[in-house]
Amino acid sequence: MSESSTESSHGMRVVHDGPRQAPPLLLIHGSGASGRFWSPLVPALAGHHHVIRVDLPGCGQSPPAKSYDVAARADQVAALLDGLGHRRVAAVGHSSGGYVITALAERRPDLVGSLALISSGPSMDALLAQPVLSRVLLAPPFGPLLWPRRSDALIRKGIAVTCALPVDITDAMVADLRNVNYRVMRAVLSRNGAYITQRSVPERLAAIDVPVLVIFGTADPRWEPTSAHRYDAVPGARVELLPGVGHVAMLEAPGATGELLLAFTAKGAGTPPGTPES
């Protein structure tokens, strides 16, 4: 039976699933999403791990922050892990969540044992032309006016256009998405872009000595799918492509995504609190 609890820690909503004594597995969502987007994977993952899901600042049920720099968000996650007493966690990030865990490994290598990036664009030149709906909602002059007036149907459509397969977007997910205000979303996207413009993700990962798994959908409408192979330049990185899957693999192909993550994390385990480090 999976154990589950929720807390507020270091300015973030944190959900714990699975036994606390199991190897830790950190899940970080993408821009504007929330920890609930991992829900389809949790039952399988929590059977082997202490699963830690966070709502990053300004997203889901977490309050806004002073800074949305990738490094600042990584530091908040680091403070959370320090408080839990975890070291060498298996960290998984979806989309821009992959930038947060990469920055976490850059800034606090003691906290990260492995990295798995799902649909994380390697650099800005891999970004595809975005759907009209996304462009209208996220840019002036209409964005500031339309964003707070989004209907539930429009929020669901905004996620669906990033997917290649049908997905179930729950009422709870919609509620979390509604909590993200326009200014926060713009700031998050801006700071994410600055992070990968300064230095590409493959370049950053090549300087980090941890196992890396990259999962990409071959039908991703947000990032050029072939750009996944830029991660081949990372020593020892494993790149897995999911045929016909779009940008949100956790919702579109939870079974295949979960299997890849479990196989990857089985090769190394994080350090639960109170466990002596070798």
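Residues numbered from 1 in each chain as written. Predicted model: local features only at pLDDT ≥ 70, side-chain atom pairs only at ≥ 80, totals over all residues. Heavy atoms only, no water.

Would you mind showing me how to read the packing of helix H3 (residues 97-107) against helix H8 (residues 182-198) here?
When two helices pack together, their arrangement is given by the angle between the helix axes and the distance between those axes. One way to put it is that H3 packs onto H8 with a least axis distance of 11 Å and a crossing angle of 55 degrees. Judged on the interaxial angle alone, H8 and H3 are oblique. In the packing of H3 onto H8, the handedness of the crossing is left-handed. For the pair H3 and H8, contact is made by Tyr99, Thr102, Ala103 and Glu106 and by Asn192, Tyr195 and Ile196, respectively. (Axes fitted to C-alpha atoms, helices over the stretch in contact; angles between N-to-C directions. Helix = DSSP H or I, 4+ residues; strand = E, 2+ residues; numbered from the N terminus. Parallel < 35°, antiparallel > 145°, perpendicular 65-115°, else oblique. Left-handed = near helix turned anticlockwise from the far one by under 90°. Contact = heavy atoms within 4.5 Å.)

What is the right way to read the packing of helix H2 (residues 70-84) against H3 from this model?
At a minimum axis separation of 8 Å, H2 and H3 run at an interaxial angle of 70 degrees. Relative to H3, H2 is oriented roughly perpendicular. Here H2 runs over H3; the crossing is right-handed. Here H2 contributes Val70, Ala71, Arg73, Ala74, Asp75, Val77, Ala78 and Leu81 to the contact with H3, which in turn contributes Tyr99, Val100, Ala103, Leu104 and Arg107. Its residues placed into classes, the contact of H2 with H3 shows 10 nonpolar, no polar and three charged. (Nonpolar A, V, L, I, M, F, W, Y, C, P; charged D, E, K, R; others polar.)

When you look at H3 in this model, what are you seeing that I'm missing?
The buried count for H3 comes to nine of 11 residues, which makes it a mostly enclosed element. Restricting attention to buried positions, one finds in H3 the residues Gly97, Gly98, Tyr99, Val100, Ile101, Thr102, Ala103, Leu104 and Ala105. (Buried < 20%, exposed > 50% of the residue type's maximum accessible area, 1.4 Å probe, protein only.)

Just checking my understanding: could you explain a nonpolar patch on the surface for this structure?
Nonpolar side chains collect at one region of the surface, where Val132, Val136, Phe142, Leu145 and Leu146 lie side by side and expose about 440 Å² of accessible area between them. Counting residues per element, the ones that place at least two in the nonpolar patch are helix H4 (132-138) and helix H5 (143-146). Mapped onto the elements, Leu145 comes out in helix H5. (Patch = residues over 30% accessible without salt bridge, like charges linked within 9 Å, V, L, I, M, F, W, Y side chains within 5 Å. Areas by Shrake-Rupley, 256 points an atom, 1.4 Å probe, with all protein chains shown as cover. Salt bridge = Lys/Arg side-chain N within 4 Å of Asp/Glu carboxyl O.)

Please explain the pairing of strand S7 (residues 212-217) as it appears in this structure.
Each regular strand carries side chains that alternate between the two faces of the sheet. The buried fraction of S7 amounts to six of the six residues, a majority that puts the element mostly inside the structure. Burial along S7 is two-sided: the residues Val212, Val214 and Phe216 and Leu213, Ile215 and Gly217 are all buried. Relative to S7, strand S6 (residues 112-118) runs parallel, the two being bridged by four bridges. Directly across from Leu115, in S7, lies its bridge partner Val212. (Pairing = 2+ DSSP bridges.)

Would you mind showing me how to read the sheet that holds strand S3 (residues 24-28) here?
The strands making up a sheet are joined through hydrogen bonds of the backbone, oriented either antiparallel or parallel. Taken in spatial order, the eight strands of this open sheet run S1-S2-S4-S3-S5-S6-S7-S8, and their pairing is mixed. Unpaired on one side and paired on the other, strand S1 (4-9) and strand S8 (238-242) mark the two borders of the sheet. Taking the axes of each pair of neighbouring strands and ignoring which way they run, one obtains an average angle of 20 degrees across the sheet. Strand direction decides the pairing type here: S3 and strand S4 (residues 50-55), joined by five bridges, are parallel. Within S4, the residue paired with Leu26 across the bridge is Ile52. Together, S1, strand S2 (12-17), S3, S4 and strand S5 (89-94) form the strand contacts of H2, whose direction differs from that of S2 by roughly 45 degrees. Along the sheet, helix H11 (residues 254-265) contacts S3, S5, S6, S7 and S8; its crossing angle with S7, the most-contacted strand, is approximately 170 degrees.

Which parts of the structure should I look at to understand the state of the cysteines?
By definition, a disulfide links the sulfur atoms of two cysteine residues through a covalent bond. Summed over all chains, the structure comprises zero disulfides. Here Cys59 is not disulfide-linked; the sulfur of Cys163 is the nearest cysteine sulfur, at 17 Å. (Disulfide = S-S within 2.5 Å.)

Looking at this model, I keep getting lost on the side chain of Thr265. Mind explaining?
Position of Thr265 relative to the elements: it lies in helix H11. Residue Thr265 is classed as buried on the basis of its relative accessible area, which comes to 6%. A distance of 2.9 Å separates the side chain of Thr265 from the side chain of His49, its partner in a polar contact. Leaving out residues up to four positions away in the same chain, Thr265 has contacts with Leu25, His49 and Ala90. (Polar contact = N/O pair within 3.5 Å; in protein donor to acceptor, adjacent residues only side chain to side chain.)

I'm lost on the nonpolar core in this one. Help?
Here is a general trend for soluble globular proteins: nonpolar side chains tend to be buried in one another's company. One finds Leu26, Val54, Val77, Leu104, Leu115 and Leu205 to be the most contacted residues of the largest nonpolar core, which totals 41 residues. In terms of residues, this core owes the most to one element, H2, which gives seven residues. Leave out the neighbours within four places in its chain, and Leu115 touches Ala91, Ile101, Ala105, Leu205, Val210, Pro211, Val212, Leu213 and Phe264. Of all hydrophobic cores here, the second largest spans 33 residues; its members include Val174, Leu177, Val248 and Met250. (Core = buried A, V, L, I, M, F, W, Y, C linked by side-chain atoms within 4.5 Å.)

Got a minute to help me understand unusual backbone geometry in this structure?
A negative phi angle is the norm for most residues apart from glycine, just as the trans form is the norm for most peptide bonds. The step from Pro140 to Pro141 runs through a cis peptide bond, and the omega angle for that step is 5 degrees. Locating Pro141 in the fold gives a position in the loop between H4 and H5. A positive phi angle, near 55 degrees, is found at Arg88, a position not held by glycine. Along the chain, Arg88 turns up in the loop between H2 and S5.

Just to check I follow, could you spell out the pairing of S5 for this structure?
Among the six residues that make up S5, six are buried, leaving the element largely enclosed by the rest of the structure. Alternating residues of S5 divide into Val89, Ala91 and Gly93 and Ala90, Val92 and His94, and every residue in both groups is buried. One ladder, built from four bridges, connects S3 with S5; its direction is parallel. Bridge assignment links Ile28 to a residue of S5, and that residue is Gly93. Relative to S6, S5 runs parallel, the two being bridged by six bridges. Paired with Val89 across the bridge in S6 is Val112.

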